[in-house]
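Structure assessment
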Amino acid sequence: MNIVIVGTQWGDEGKGKVIDILSEKVDYIVRYQGGSNAGHTVVAEGKEYIFHLIPSGILHKGKVCCIGNGVVIDPSMLIKEIKGLSSAGINISGRLKISPLAHVILPYHKILDELREGKRANKIGTTKRGIGPCYSDKINRCGIRMIDLLSPSVFKGKLKDNLKEKNEIFKKVYGHAGFVFSDIYKEYLNYGRFLRSYLFNVTYLLNKAIDDKKDILFEGAQGTFLDIDFGTYPFVTSSSATSGGACTGTGISPVKIDKIIGVAKAYSTRVGEGPFPTEFDDAFAQFMRNKGHEFGATTGRPRRCGWFDSVMVREAILLNGISQLAIMKMDILDGLKNIKMCTGYRYKGKIFRQLPYDAQVLSGARPVYQNMPGWSQNTSRVRRYKDLPVNAKSYLSRLEDSLKVRISMISVGSSRKDTIFI
Ligand code: IMO
Ligand code: MG
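Residues numbered from 1 in each chain as written. Chains lettered and ligands numbered in written order. Predicted model: local features only at pLDDT ≥ 70, side-chain atom pairs only at ≥ 80, totals over all residues. Heavy atoms only, no water.

**Let's talk about the coordination of the magnesium ion (ligand 2)**
Formally: Only nitrogen, oxygen and sulfur atoms qualify as donors, provided they sit within 2.8 Å of the metal or within 3.2 Å for Na, K and Ca; with water excluded from the atoms, sites may seem incomplete. Numbering of helices and strands runs from the N terminus; a helix is a DSSP stretch of H or I covering at least four residues, while a strand is a stretch of E covering at least two. Accessibility here uses a 1.4 Å probe with only protein chains present; expressed as a share of the type maximum, an area under 20% marks a residue as buried, one over 50% as exposed, and anything in between as partly exposed.
Surrounding the magnesium ion (ligand 2) are the protein donor atoms D12 (OD) and G39 (O), at 2.0 to 2.7 Å. Highlighted residues: D12 in the loop between β1 (2-7) and α1 (15-23) and G39 in the loop between β2 (28-31) and β3 (40-44), separated in sequence by 27 residues. Here D12 falls in the partly exposed class, since its relative accessible area comes to 22%.

**Describing the packing of helix α3 (residues 107-119) against helix α5 (residues 152-174)**
The cut-off we apply is this: Axes here refer to lines fitted to C-alpha atoms; in helices the fit is confined to the stretch in contact. Angles between the N-to-C directions go from 0 to 180 degrees. If an angle is under 35 degrees, it is roughly parallel; if it is over 145, roughly antiparallel; if it lies from 65 to 115, roughly perpendicular; otherwise it is oblique. It is the rotation of the near helix from the far one that decides the hand of a crossing: anticlockwise by less than a right angle makes it left-handed, clockwise makes it right-handed. The contact definition used throughout considers only heavy atoms, calling two residues in contact when any of these lie within 4.5 Å.
The contact between α3 and α5 brings their axes to 12 Å, and the two run at 25 degrees. Looking at the two axes, α3 sits roughly parallel to α5. Note that α3 runs across α5; the crossing there is left-handed. For the pair formed by α3 and α5, the contact residues are Y108, I111, L112, L115, R116 and K119 on the first element and L159, N162, L163, K166, F170, V173 and Y174 on the second.

**Considering the site of ligand 1**
Rule in force here: We call a residue near a molecule or strand as soon as one heavy atom of that residue lies within 4 Å of the molecule or strand. Contacts described as polar in this section are N or O atom pairs within 3.5 Å, which, within protein, must combine one atom able to donate a hydrogen with one able to accept it, while residues neighboring in sequence count only if both atoms come from side chains. The protein chains shown are the only cover counted for residues, whose accessible areas, like all others here, come from Shrake-Rupley with a 1.4 Å probe. When residues are sorted by character, Ala, Val, Leu, Ile, Met, Phe, Trp, Tyr, Cys and Pro go into the nonpolar class, Asp, Glu, Lys and Arg into the charged class, and all the rest, Gly among them, into the polar class.
If you check the shell around ligand 1, you find 20 residues, and the closest are D12, K15, H40, T127 and T237. D12 places a main-chain nitrogen or oxygen 2.7 Å from an oxygen atom of ligand 1. When ligand 1 sits alone it has 550 Å² of accessible area, and the protein chains cover 98% of it. In terms of residue class, the shell around ligand 1 is built from 7 nonpolar, 10 polar and 3 charged.

**Notes on helix α10 (residues 310-320)**
Counted residue by residue, α10 has 8 buried out of 11 residues, so it is predominantly covered. Considered for burial, the residues of α10 that qualify are S310, V311, M312, V313, E315, A316, I317 and N320. Downstream of α10 by a residue or two, G321 has a phi angle that is positive, lying close to 75 degrees.

**Examining the domain arrangement of the chain**
Inclusion rule: Bear in mind that the domain bounds are from an automatic or database domain assignment. The term buried area means the drop in 1.4 Å probe accessible area that two parts suffer when joined, counted for both and summed. Salt bridges are defined by distance alone: a side-chain nitrogen of Lys or Arg within 4 Å of a carboxyl oxygen of Asp or Glu.
Considered domain by domain, the chain is made up of domain 1 (2-99 + 199-261), domain 2 (103-195) and domain 3 (266-421). The straight-line distance from the C-alpha centre of domain 2 to that of domain 3 is 38 Å. The three residues of domain 2 that bury the most area against domain 3 are G125, T127 and R129, which together make up 68% of that side's buried surface. Counting the contacts that link domain 2 with domain 3 gives 0 salt bridges. Inspection of the region where domain 2 meets domain 3 yields 3 residue pairs in polar contact (both at pLDDT 80 or more). Of the residues contributing to the side of domain 2 that touches domain 3, the split by class is 1 nonpolar, 3 polar and 2 charged.

**What about the pattern of salt bridges?**
Enumeration over the complete set of coordinates arrives at 17 salt bridges. In this structure, the salt-bridge partner of R384 is D387, at a minimum N-O distance of 2.9 Å. Given a relative accessible area of 38%, D387 falls into the partly exposed group. Salt bridges sharing common partners tie together D12, K265, E294, R303 and K329.

This is the structure in structure tokens:
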């Protein structure tokens, strides 16, 4: 069975934990888009791991983890992650395969990300990992791919071309001194030497695995509303975070995908700028942020918090083809007197039950809420659905009714065992 895991909100839904749990049942785990802007947290045997590039499934012995062509790789971050795993005693030998076609994040991408943000009147609040500039170069056909780092002459030509143009822009537009060819050249050839043995034709490997009836888990990063096409543009990331990205980002045909599982937090969070109709007021946001430890795993920034938005998640179900949903951090709602779920938006006297594509409408929209009583019991030790408090069960069934999707997993804590399977 080939399963895609996608975030249904703005990232940080808890994809890392779902991947970690499902990894046990599959043979291959693959990242297909994004880069080190992702931060997937897994708690295994009491220890917390945060993955930015390597699939979270790497913690499971014997599983093969791949980084597909759709990912943008910051080699220094990747090497740091590889070394971190070996010093934690996790043997990854022969288990990490990187597509030679994946694009490389260079120092000028990261600096440009930062400089552009500085100049923008409407900031996006990017992670400053160079994601946007690297994908721009890919589309502009001047990107450098992992395979280029293996060939000094090819790399030299491409880097020279890039610097010729980019150094002019850095100087004239941003007042930045620009970059020295030999510094980047030496540094990145070294990365190439280090990573050479991990490069592999991931597309062939995975297609062969499918022929051999092996199981693959596609690990989505970011979330549906950060998708370059369907997200709250321009407050989005630069890749296809929706399920279609799994095909273009690996070279697996859409007909080979069997199932899409969506991941949603029991409430909503967002890091960075952009519309967020159900956002809490400051005081309640602060309370929930501390309760749910809502700080970015990549940048440490405080996450914005709000109520569950069923209009958005319903849209995510449609866009991705989700047939099962995992609801994460249910326990963070414990002890709240009242809980709200957004079922529509009101804008200039009109009610919207579907996500408006006009960003201005979304920014100015006032949520229409369904109010529900909360529960006082602690759910973090509950392991069976029937043992959940009555009001927690009714919250979940209202979600199912509104979303028209089956909830198959509920998370009530950060470790693997804090999970209810239905
Ligand atoms: P995971 O995989 C949450 C957000 C950034 C910013 C916008 C664009 O952990 O869920 P970028 O650096 O990608 O150009 O920033 O996207 N963002 C994320 N927010 N979780 C993520 O990944 C994110 N990756 C990017 O905060 O608003
Ligand atoms: Mg994250």
